[in-house]
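Observations on chain architecture
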Amino acid sequence: MKSYGLFALGMLMSASSALACTGLIAAPGATADGSVLATYAADSHTLYGELYHQPAADHKKGTMRKVVEWDTGKLLGEIPEAAHTYATMGNMNEHALFIGESTWGGRPELQGSGIIDYGSLIYITLQRAKTAREAIDVMTGLVRDYGYASSGESFTIADPNEVWIMELIGKGKEYKGAVWVARRVPDDCISGHANHSRIHTFPLKDKKNTLYSPDVISFARKQGYFNGKDADFSFSRAYAEYDSGALRGCDGRVWAFYNKFVPGMDSYLPWILKGEGEPLPLWVKPDHKLTANEMKWMMRDHFEDTPLDMTKDVGAGPYKVPYRWRPLTYTVDSVEYTHERAIATQQTGFSYVAQLRRDAAEPMRGILWFGADDANTCVYVPVYNCMTTVPHEFATGNGDLYNISWDAAFWVNNYVANQAYNRYSQMIPDIRRVQKAIEDSIESEVATLYAEVPALDADVARRFLNDHTTSWASKSVKQYKALGDYLLVKYLDGNIKKERDGKFARTPEGMPESPVFGGYDDRYYRSIATDPDGGERLRTVEIAQ
């Protein structure tokens, strides 16, 4: 077997570690209600959080569809439009088909050529496919016929019955199309991908659970990426690039997911930290069946209670802040270091938790729990597969990255989150109180809707569910705007206002009470006291009388 090699530990920053999307998966046998659960965080420093929508439509023969690159807005070309296109809401369509992604780049010489970028591949397919298997056919057909314009990509492709991971990369400027592998996640397992190729070896004769391009191995041989037996072929080793950014910064996020629900995952820390030992499995069996709520909270993870806990090291500062501003890598005395890259991150445009339930009434077989901005501090609001209108708070055109709108979920959530980034340990309990109350209320209502909606006429159900989402989008944004105002007042100027009976405390004369001076934690004080540039100067002394 050919030796693929691993990475040099000094190479901490690569294309894969600079990219930033996370997809977590729970197959139907691994969930409490039999749903397929799949998450997607669209992480980008230039992405505005809004809910994309395309209505269903019929098209005359000869109609052409413009292909616009999602990342840049550039027109790449045109392709013939389908006779009928399905309605889409975000990354889900009216048939409860969901597609998410994470970019891993791969070998730079395989940057694709053609007119289908990875974003267009998702949204065109959602308009043309009803099931996950149909989606795989549509996606691979599009890149075969029109070429692939992006780099290496992992896709979550899910419907209410099954969920697949497909990995795909172009064939460079000389060859049209792409090479790819798709694997069905076993019903009792969880899986994930986060900006690094995750498919290694795969069965070559299991067409029920594994699909792949005819030349996926022969092309690797032709390019000199692999020279062993077909059975030993690893898609990831052949086509991806390996460095510590790819493992610690990318596979590390999937490890955090597994570690939450599977005992013994510490055995894979050598792989995550040093590239040693066995690769992280493509899927694992959890110790209990997961809920949609657990997936939401997993999207809020910063490696808490693990050796990579971002609230523990000195970089967290005196307020245990689990965030690190970019760049992720830095050099001290000619040695390169890296911050952790967690699932939850400040630069998220939007995130989803898709809940695809085969035994639910048709209008709510798919629920896309939608959150704008950082998943850690957002509120997830249900968006149903039958919906035909986008709430104003999530709508395209309601504000943008340069223009604040105080009734846009993205900006109001940022108002709350960016205050917490400064004094996290003090503010996060107040945020959790409001966030949890809103989400608990929504989840209670949705549980009731699963029982009530089957008795409704389809049109009545559609209007009812549209109104339900619209109502909660409005209420959650208003409550979060009030939360942001509350945080500003309570923590103004480094102080903490006292409260009594749900109001800020006043003296008997009606004046504001003296606030609490929250100060810093012990480690921060100790670091000042032992600092040779300040400790002795700042030491208090007794003055002789």
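Everything that follows concerns the structure shown earlier in this document.
Please read these numbers as outputs of a predicted model, since none were measured by experiment.

The next thing to look at is the overall build of the protein. Looking only at helices and strands, one finds 13 helices and 23 strands in the protein. Taking 2.2 N^0.38 as the reference for a compact globule, 545 residues should give roughly 24 Å; the C-alpha atoms of the protein span a radius of gyration of 25 Å, in line with that estimate. Viewed in the frame of its principal axes, the protein has a C-alpha envelope of about 90 × 60 × 45 Å. The buried share of the protein, reckoned over its 545 residues, is 56%. Carbon and sulfur atoms make up 53% of the accessible area of the protein, which totals about 23,500 Å². The average position of the 59 basic charges and that of the 70 acidic charges among the side chains of the protein differ by 2 Å.

So, about helix H3 (residues 132-146). Counted at 1.5 Å a residue, the expected span for H3 with its 15 residues is 21 Å, and the 21 Å between its end C-alpha atoms agrees. Those residues of H3 that fall on the buried side of the exposure criterion are Ala-132, Ala-135, Ile-136, Val-138, Met-139, Thr-140, Gly-141, Leu-142 and Val-143. Positive phi appears at Gly-147, one or two residues downstream of H3, with a value of about 80°.

With that settled, consider a nonpolar patch on the surface. On the surface, a cluster of nonpolar side chains totalling about 320 Å² of accessible area is made up of Tyr-330, Val-332, Val-335 and Tyr-337. Only strand E17 (329-332) and strand E18 (335-338) provide two or more residues apiece to the nonpolar patch. Looking at the element boundaries, Tyr-330 is found in strand E17.

With that settled, consider helix H6 (residues 244-261). One turn of an α-helix holds 3.6 residues; hence residues three or four places apart share an orientation. In a regular helix each residue adds 1.5 Å, so 18 residues correspond to 26 Å; H6 covers 24 Å between its end C-alpha atoms and thus fits that length. At Gly-252, H6 is deflected by roughly 45°, the largest bend along its length. For H6, a buried count of 15 out of 18 residues is recorded, marking the element as mostly surrounded by other parts of the structure. For H6, the capping residue at the N-terminal end is Asp-243, with a side-chain oxygen 2.9 Å from the backbone nitrogen of Gly-245.

Looking now at the packing of aromatic side chains. Considering all chains together, one arrives at 34 aromatic pairs under this definition. With a centroid separation of 6.2 Å and 65° between ring planes, the pair formed by Tyr-323 and Tyr-424 is classed as edge-to-face. Of this pair, Tyr-323 sits in the loop between helix H8 (292-298) and E17 while Tyr-424 sits in helix H10 (residues 424-452), and the two are 101 residues apart along the sequence. Each member of the pair Tyr-323 and Tyr-424 is classed as buried. Among the aromatic residues, those joined into a ring-pair cluster are Tyr-40, Tyr-52, Trp-70, Tyr-118, Tyr-123, Phe-350, Tyr-352, Phe-370 and Phe-394. Taking NZ or CZ as reference, Lys-171 lies 5.6 Å from the ring centre of Phe-219, over its face. Taking NZ or CZ as reference, Lys-296 lies 3.4 Å from the ring centre of Trp-369, over its face.

A separate point is the side chain of Thr-156. Tracing the sequence through the fold places Thr-156 in strand E11 (residues 152-158). A polar contact of 2.7 Å, which involves the side chain of Thr-156, links it to the side chain of His-193. Beyond its immediate stretch of four places on either side in the chain, Thr-156 contacts Ile-25, Ala-38, Phe-98, Ile-99, Gly-100, Val-163, Trp-164 and His-193.

So, on to the pairing of E11. Burial analysis of E11 places 7 of its 7 residues in the buried class, the great majority of the element. Every second residue of E11 is oriented toward a common face, with Gly-152, Ser-154, Thr-156 and Ala-158 on one face and Glu-153, Phe-155 and Ile-157 on the other, all of them buried. Sheet topology note: the strand E10 (residues 98-105)/E11 ladder contains 7 bridges and is antiparallel. In the sheet register, Phe-98 faces E11, and the bridge partner there is Ala-158.

Moving on to the sheet that holds strand E2 (residues 36-43). Strand order in the open sheet formed by 7 strands is E16-E14-E1-E2-E19-E20-E21, and the pairing between neighbours is antiparallel. Both edges of this open sheet fall to strand E16 (283-284) and strand E21 (381-384), since each of them pairs with a single strand only. Pairing between strand E20 (residues 366-372) and E21: 4 bridges, direction antiparallel. Across the sheet, Ile-367 pairs through a bridge with Tyr-384, a residue of E21. Packing against the sheet, H6 makes contact with strand E1 (21-26), strand E14 (190-193) and E16, and its axis sits at approximately 160° to E14.

A separate point is the environment of Asp-266. Mapped onto the elements, Asp-266 comes out in the loop between H6 and helix H7 (269-274). A relative accessible area of 48% means that Asp-266 is categorised as partly exposed. Note: C-alpha distance between Asp-266 and Tyr-118 (148 residues apart in sequence) is 34 Å. Those residues in contact with Asp-266 that sit more than four places away from it in its chain are Trp-255 and Asn-259.

Definitions and limits used
- Residue indices begin from 1 for each chain and proceed along its sequence in written order.
- Selection of residues for local features in this predicted model requires a pLDDT of at least 70, selection of side-chain atom pairs for listing and counting requires 80 or more, and totals for whole chains, interfaces and linings are taken over all residues.
- Excluding hydrogens and water, the side-chain figures rest on all heavy atoms present in the structure.
- The numbering of helices and of strands both runs from the N terminus, where a helix is a DSSP run of H or I of at least 4 residues and a strand a run of E of at least 2.
- Radius of gyration: C-alpha atoms only; globule rule: 2.2 Å multiplied by the number of residues to the exponent 0.38.
- Note on classification: 1.4 Å probe, protein chains only; a residue is buried when its accessible area is under 20% of the maximum for its type, exposed when over 50%, partly exposed between these limits.
- All accessibility values rest on the Shrake-Rupley procedure with a 1.4 Å probe; residue burial counts only the protein chains present in the view.
- The convention is simple: Lys and Arg are positive, Asp and Glu are negative, and His and the chain ends are not counted.
- A single reference atom marks each charge: NZ on Lys, CZ on Arg, CG on Asp, CD on Glu.
- Take the residue count of a helix, subtract one, and multiply by 1.5 Å to get its expected span.
- Patch criteria: residues need more than 30% relative accessible area and no salt bridge. Like-charged residues are merged within 9 Å; nonpolar side chains of Val, Leu, Ile, Met, Phe, Trp and Tyr are merged within 5 Å.
- Any carboxyl oxygen of Asp or Glu within 4 Å of a side-chain nitrogen of Lys or Arg constitutes a salt bridge here.
- Throughout, the bend at a residue refers to the angle made by two axes, fitted to the seven residues ending there and to the seven starting there.
- Under this definition, polar contacts are N or O atom pairs within 3.5 Å; protein pairs additionally need one hydrogen-donor-capable and one acceptor-capable atom, and for neighbouring residues in sequence, both atoms have to be side-chain atoms.
- Working definition: a ring pair exists when centres of Phe, Tyr or Trp rings (six-membered ring for Trp) sit within 6.5 Å. Plane angles under 30 degrees give stacked, over 60 give edge-to-face, the rest tilted.
- Definition used: whenever NZ (Lys) or CZ (Arg) falls within 6 Å of the ring centre and also within 35 degrees of the ring normal, the charge is taken to sit over that ring.
- In what follows, a contact means two residues having at least one pair of non-hydrogen atoms within 4.5 Å.
- A pair of strands counts as paired when DSSP detects no fewer than two bridges linking them.
- Every angle, taken between N-to-C directions, lies between 0 and 180 degrees, and every axis is a line fitted to C-alpha atoms, over only the stretch in contact when it is a helix.

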